[in-house]
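Report on the structure
Spelled out from the first residue to the last, the chains are:
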Amino acid sequence: MTEYTTIRTEQVDRVGVITLHRPEALNALNTQLMTEVLDAVTGYERDPGIGAILITGSEKAFAAGADIKEMQPQTYADTFAGDLFAAWDQLAQARKPTIAAVAGYALGGGCELAMLCDVLLAADTAKFGQPEIKLGVIPGIGGSQRLTRAVGKAKAMEMVLTGRMIGAEEAERAGLVSRVVPAAELLTEAHKVAATIAGMSLPIAMMAKESVNRSFETTLAEGIRFERRIFHATFATADQKEGMAAFIDKRPPEFNHS
Ligand code: CO8
């Protein structure tokens, strides 16, 4: 097991958990934290015993953004040559389902990290925002793109141009999060969702994820054709036979992820 300092990891049955842990900086995303999260995700992606990845923070903050103290002295040449924050694309490209459980602040890069995940659950204490403009920068980990796709132009523009934070209820109404739960129940609910997904056939869950994500990349006609072809491909798996046989036999399926 790798030793990390800015995150905690644990495996709960088939769920790989990553808890952001920089309490002194409200889980601000510095280079070390990014490297550790991506290393843990890579490990979970490779582990056939993991079917879903759950990312969470603390009660006070999921993450209060990219680390401002680390970024402040950087030059244009540093950010350009180092392609600052491009590494987070690895999380967007994770093939296993990812779940973000957000309590407290999810600001700037924190909001973007949550939006990089497939399912976003919020505690009633969650606060989402893209306050970069107040620092003289703009979102840099996909915020202007993913937030706009999630909540539409008007709300995304208001959030990105004013830095206004929105609460959990507004985030749910706007379609940014799938569900709001009382803060005390966030982790229990998030683990339930993650365990449910991890209990499905892994290749089928990966195909479902890939198919939904395709909708962001292509036309409706091509997306529907892609979906149908993947649907046809599910019939090449043992888990399709098992899933349908279990329904007919009136018993729970026993997927073997093949
Ligand atoms: N970076 C570094 N340190 C932070 C950050 C951060 N993003 N957020 C909080 N901290 C630190 C504080 O400095 C403080 O440390 P210290 O005790 O040493 O002073 C500690 O965490 C606790 O924070 P506060 O005392 O401020 O706690 P409060 O409860 O008073 O306030 C807030 C909480 C409202 C969340 C406040 O901390 C805040 O506004 N944080 C900054 C939020 C923000 O602006 N985030 C966006 C950052 S920019 C970004 O994420 C994307 C950049 C993309 C650029 C792309 C370039 C290519």
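Residues numbered from 1 in each chain as written. Predicted model: local features only at pLDDT ≥ 70, side-chain atom pairs only at ≥ 80, totals over all residues. Heavy atoms only, no water.

Per an unreviewed UniProt entry, the recorded name for the chain is Probable enoyl-CoA hydratase echA8, and the organism is Kutzneria albida DSM 43870. The chain has a UniProt comment under Sequence similarities (unreviewed entry) that states "Belongs to the enoyl-CoA hydratase/isomerase family." (UniProt positions renumbered as here; feature names shortened; annotations may be inferred.)

Observations regarding helix 6 (residues 143-151)
Along helix 6, the residues classified as buried are G143, L147 and V151. Each buried residue of helix 6 lies within a common arc of 25° when the element is viewed along its axis, so the set occupies one face. Along its buried surface, helix 6 packs onto helix 5 (109-116), helix 7 (153-162) and helix 8 (168-174). Once helix 6 finishes, G152 follows within two positions and takes phi at roughly 90°, a positive value. (Buried < 20%, exposed > 50% of the residue type's maximum accessible area, 1.4 Å probe, protein only. Helix = DSSP H or I, 4+ residues; strand = E, 2+ residues; numbered from the N terminus. Arc of directions from axis to C-beta. Contact = heavy atoms within 4.5 Å.)

A few points about the site of the ligand
Neighbouring the ligand are 22 residues; K60, A64, A66, I68 and G109 lie closest to it. With respect to the ligand, the backbone of A64 contributes an N or O atom lying 2.9 Å from a nitrogen atom. G109 places a main-chain nitrogen or oxygen 2.7 Å from an oxygen atom of the ligand. In isolation the ligand offers 1,100 Å² of accessible surface; the protein chains occlude 65% of this area. If you list the elements that add at least two residues to the shell around the ligand, you get helix 2 (68-71) and strand 6 (105-107). Top element by residues in the shell around the ligand is helix 2. It accounts for three residues. Residues that form the shell around the ligand fall into these classes: 13 nonpolar, four polar and five charged. (Near = heavy atom within 4 Å. Polar contact = N/O pair within 3.5 Å; in protein donor to acceptor, adjacent residues only side chain to side chain. Areas by Shrake-Rupley, 256 points an atom, 1.4 Å probe, with all protein chains shown as cover. Nonpolar A, V, L, I, M, F, W, Y, C, P; charged D, E, K, R; others polar.)

Focus: helix 1 (residues 31-46)
For helix 1, built from 16 residues, the straight-helix expectation of 22 Å at 1.5 Å per residue is met to within 8% by its first-to-last C-alpha distance of 23 Å. All of the buried residues along helix 1 are L33, M34, E36, V37, L38, A40, V41 and Y44. Looking at the packing, one finds that the buried side of helix 1 touches strand 1 (7-12), strand 2 (15-20), strand 3 (52-56) and helix 4 (89-92). (Expected span 1.5 Å × (residues − 1).)

Let's talk about the packing of aromatic side chains
A full pass over the atoms with the stated rule returns two aromatic pairs. Judged by centre distance (5.3 Å) and plane angle (80°), the ring pair of F231 and F235 falls under edge-to-face. A cation sits over an aromatic face here: K127 above Y105, 5.1 Å from the ring centre. (Phe/Tyr/Trp six-rings, centres within 6.5 Å; stacked < 30°, edge-to-face > 60°. Lys NZ or Arg CZ within 6 Å of the ring centre and 35° of its normal.)

Examining the state of the cysteines
In this structure the tally under the stated criterion is zero disulfides. Left unpaired, C111 is separated from the closest cysteine sulfur, that of C117, by 11 Å. Assessed through its relative accessible area of 0%, C111 is described here as buried. (Disulfide = S-S within 2.5 Å.)

Focus on the layout of surface pockets
In this structure, the largest pocket encloses a volume near 1,000 Å³. Taken together, 32 residues form the lining of the largest pocket, with M115, C117, D118, N213 and F216 sitting closest to its centre. Contributing elements (two or more residues each) for the lining of the largest pocket: helix 5, strand 7 (119-123), helix 6 and helix 10 (202-214). Ranked by the residues each element gives to the lining of the largest pocket, the list is headed by helix 10, at eight residues. Along the lines of polarity and charge, the residues of the lining of the largest pocket split into 19 nonpolar, five polar and eight charged. Counting only domains with at least three residues in the lining of the largest pocket, you end up with domain 1 (7-199) and domain 2 (202-249). Reported here for the second largest pocket is a volume of approximately 550 Å³. Where the lining of the second largest pocket is concerned, the elements lending two or more residues are helix 2, helix 3 (76-81) and helix 5. Tallied by class, the residues present in the lining of the second largest pocket amount to 14 nonpolar, eight polar and three charged. (1 Å grid on protein atoms, 1.4 Å probe; cavity = no way out; pocket = protein on both sides within 12 Å on 5 of 7 lines; lining within 4 Å. Points joined across faces, edges and corners; volume = space filled by probe spheres on them. Domains from an automatic or database assignment.)

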